[in-house]
Amino acid sequence: ELTKLAHSFTNTQYDYAYYVVTDSPSTHSKGYSSGLTSTLDKDITPMSIDFSTNQINDHTVALGYSADKDPDFRYCSMDADTISGVPWYANLWLSYCGMSGGASGGPWIRDMTREGTGTVVSVNSWGFSDKVGMAGPVFRTGSGSFAECLYDKALKADDPGSEGGIIVNC
């Protein structure tokens, strides 16, 4: 089914984004746990992100909320491979991952620990409607990582507020 639409998917390799928030107590609430400071980078431990890895054949854990299992949090845990959903680009591929729509944007994590930490190497992007599997963009590219360029710009960006986002060139 996807191959019929292959030429209309020109952004498959760029299916990622970063969310910029102002790290100030005035923009966060303390949540449900005691002892939190309301300062995001003091209250959570961020995962590292790897823009240079070749994730093929490496054990990967994908996390997300599939619409068909709402509200349950889901995961897939297996070695990553590749698939060409469009003729000109090979996505990372988790062939037995049963997550569906709604899981998009969830992280793919390498070296995940029991505490839930690890290194982000991709995100849930797309799957076929007639078989299981989840694809994710390759963060490492031959001409330099566009994912890393966007990440660097997000680190330096101001909170866009009510504008809803900013567009950058990489």
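Turning our eyes to something else, we now look at the overall build of the protein. Counting secondary structure elements, the protein contains two helices and eight strands. The N-to-C order of helical and strand elements in the protein reads α-β-β-β-β-β-β-β-β-α. A separation threshold of at least 6 residues defines the contact pool for the protein, and within that pool the share at least 24 residues apart is 55%. About 10800 Å² of surface is accessible on the protein, with carbon and sulfur atoms providing 51% of the total.

Counting 15 residues, the largest nonpolar core has A62, C76, L94, C97, M99, W108 and M134 as the members making the most contacts within it. Listing elements by their share of this core, those giving two or more residues are β3 (74-79) and β5 (89-94). When residues in this core are grouped by element, the largest group, three residues, is from β5. For L94, the contacting residues outside a window of four places in its chain are T60, A62, M78, D79, A80, W108, G133 and M134. Of all hydrophobic cores here, the second largest spans six residues; its members include Y16, F51, V120 and A147.

This paragraph deals with the pattern of salt bridges. One pass over the full model with this rule turns up two salt bridges. D50 serves as the salt-bridge partner of R110, at 3.1 Å between the closest nitrogen and oxygen. With R110 in strand β6 (residues 107-110) and D50 in the loop between β1 (48-49) and β2 (59-64), the pair connects residues that are 60 residues apart, well separated along the chain. Exposure remark for D50: the relative accessible area of 15% places this residue in the buried category. Notably, a salt bridge pairs R110 with D111, separated by 3.3 Å at the nearest N-O pair.

Detailed reading of the predicted model is not advised wherever pLDDT is low. Residue-level pLDDT values for the protein average 81, and 84% of them are 70 or greater. Predicted confidence for residues 1-8 stays below pLDDT 50, and this span has 10 contacts to residues more than four positions away or in other chains.

Attention now moves to a nonpolar patch on the surface. On the surface, Y19, V21, L40 and I44 cluster together to form a nonpolar patch covering roughly 410 Å² of accessible area. Within the fold, Y19 resides in the segment before α1 (40-43).

As summarised here, the arrangement of the five strands in space is β1-β7-β6-β2-β3, forming an open sheet in which the pairing is mixed. Strands with a single pairing partner mark the edges of an open sheet, and in this sheet they are β1 and β3. With three bridges connecting them, β2 and β6 associate as antiparallel partners. In the sheet register, A62 faces β6, and the bridge partner there is W108.

The next thing to look at is the sheet that holds β5. Working definition: the strands of a sheet are paired by backbone hydrogen bonds and lie parallel or antiparallel to each other. Here three strands make up an open sheet; going across it, the order is β4-β5-β8 and the pairing antiparallel. The outermost strands of the open sheet, each flanked by one partner alone, are β4 (81-86) and β8 (134-136). Going across the sheet, the axis of each strand differs from the next one's by a mean of 50°, ignoring polarity. Relative to β5, β4 runs antiparallel, the two sharing four bridges. From the neighbouring strand, T82 faces β5, where its bridge partner is L92.

Each value, and the rule that gives it
Residues numbered from 1 in each chain as written. Predicted model: local features only at pLDDT ≥ 70, side-chain atom pairs only at ≥ 80, totals over all residues. Heavy atoms only, no water. Helix = DSSP H or I, 4+ residues; strand = E, 2+ residues; numbered from the N terminus. Contact = heavy atoms within 4.5 Å. Areas by Shrake-Rupley, 256 points an atom, 1.4 Å probe, with all protein chains shown as cover. Core = buried A, V, L, I, M, F, W, Y, C linked by side-chain atoms within 4.5 Å. Buried < 20%, exposed > 50% of the residue type's maximum accessible area, 1.4 Å probe, protein only. Salt bridge = Lys/Arg side-chain N within 4 Å of Asp/Glu carboxyl O. pLDDT = per-residue confidence, 0-100. Patch = residues over 30% accessible without salt bridge, like charges linked within 9 Å, V, L, I, M, F, W, Y side chains within 5 Å. Pairing = 2+ DSSP bridges. Axes fitted to C-alpha atoms, helices over the stretch in contact; angles between N-to-C directions.

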